[in-house]
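# Reading the structure
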Amino acid sequence: MRLVVGLGNPGARYAGNRHNIGFMAVDEIARVHNAAPWRRRFQGEASEVVIGRERVLLLKPLTYMNESGRAVSEAMRFYKIPLDDLAVLHDELDLPPAKLRMKKGGGNAGHNGLRSITAQCGNEYRRVRLGIGHPGEKALVHGYVLNDFAKAEAPWVEDLCRAVADHAELLAKGDDASFQNKVHLAMEGRGWGEVKRPGEK
């Protein structure tokens, strides 16, 4: 069993936030791969799916971002999932909008969801970094991530989530380099080679 976690905050008021792109991507994986209906488990919403030849548990923690590790650690203990088989999809300020990069371990770059998972589970898990761009000043970050994507951003957000879902078989089997490359090519092919955040010149 592999564990693929999308990070976000629960509830309608957060649903369209930049901070919730992890939820959005995991929802799209579930839709494209005909996953079982979401149900409340592990302090979150969970769904099982077979992607390629891999059994995958999709998980959206409902603990709020800062406590994401509680849900993730509970699911890992239940299924005895090793850290190598955990992949976490999350918003990444340090990547331009519409970019995706894979990373294993390393720092958490001030991301409270990652910090919580690292504290509860260990650090050497795979991160699917979904670029949302940086507002330019540290003081603006909190408001930026907890605001909804602008209407003009919706097309690239949808295309990035779809590209993640379309190539999720590579993610499920642990071929991170190919997964990253396929998503990159898909986004280039859809015209998202260079995307600026709202207000950026």
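Overview of the structure. (Residues numbered from 1 in each chain as written. Predicted model: local features only at pLDDT ≥ 70, side-chain atom pairs only at ≥ 80, totals over all residues. Heavy atoms only, no water.)

## Let's talk about helix H5 (residues 154-166)
Relative to the 18 Å expected for 13 residues at 1.5 Å per residue, H5 spans 18 Å between its end C-alpha atoms, a close match to the ideal helical length. Those residues of H5 lying buried are Trp156, Val157, Leu160, Cys161, Ala163, Val164 and Ala165. Contacts from the buried residues of H5 go to helix H1 (21-32), strand E5 (86-92), strand E6 (100-104), strand E7 (126-131), helix H6 (168-172) and helix H7 (176-189). (Helix = DSSP H or I, 4+ residues; strand = E, 2+ residues; numbered from the N terminus. Expected span 1.5 Å × (residues − 1). Buried < 20%, exposed > 50% of the residue type's maximum accessible area, 1.4 Å probe, protein only. Contact = heavy atoms within 4.5 Å.)

## Remarks on the environment of Gly133
Of note, Gly133 is situated in the loop between E7 and helix H4 (141-145). As for Gly133 and His19, which are separated by 114 residues in sequence, their C-alpha atoms are 11 Å apart. Apart from residues no more than four positions distant in its own chain, Gly133 is found in contact with Glu92, Leu93, Leu95, Pro96, Pro97, Tyr144 and Arg197.

## Structural notes on the pattern of salt bridges
Summed over the entire model, instances satisfying the criterion amount to 14 salt bridges. Here Glu54 and Arg2 are joined by a salt bridge, their closest N and O atoms 3.5 Å apart. Placement of Glu54 in strand E4 (residues 54-61) and of Arg2 in strand E1 (residues 2-6) is noted, with a sequence separation of 52 residues between them. What makes Glu54 partly exposed here is its relative accessible area of 24%. The closest approach of N and O atoms between Glu45 and Lys60, which form a salt bridge, is 3.3 Å. Of this pair, Glu45 sits in strand E3 (residues 44-51) while Lys60 sits in strand E4, and the two are 15 residues apart along the sequence. Glu45 gets classed as partly exposed once you look at its relative accessible area, which sits at 23%. (Salt bridge = Lys/Arg side-chain N within 4 Å of Asp/Glu carboxyl O.)

Note that every value here comes from positions in space, so none of it alone points to a role or purpose.
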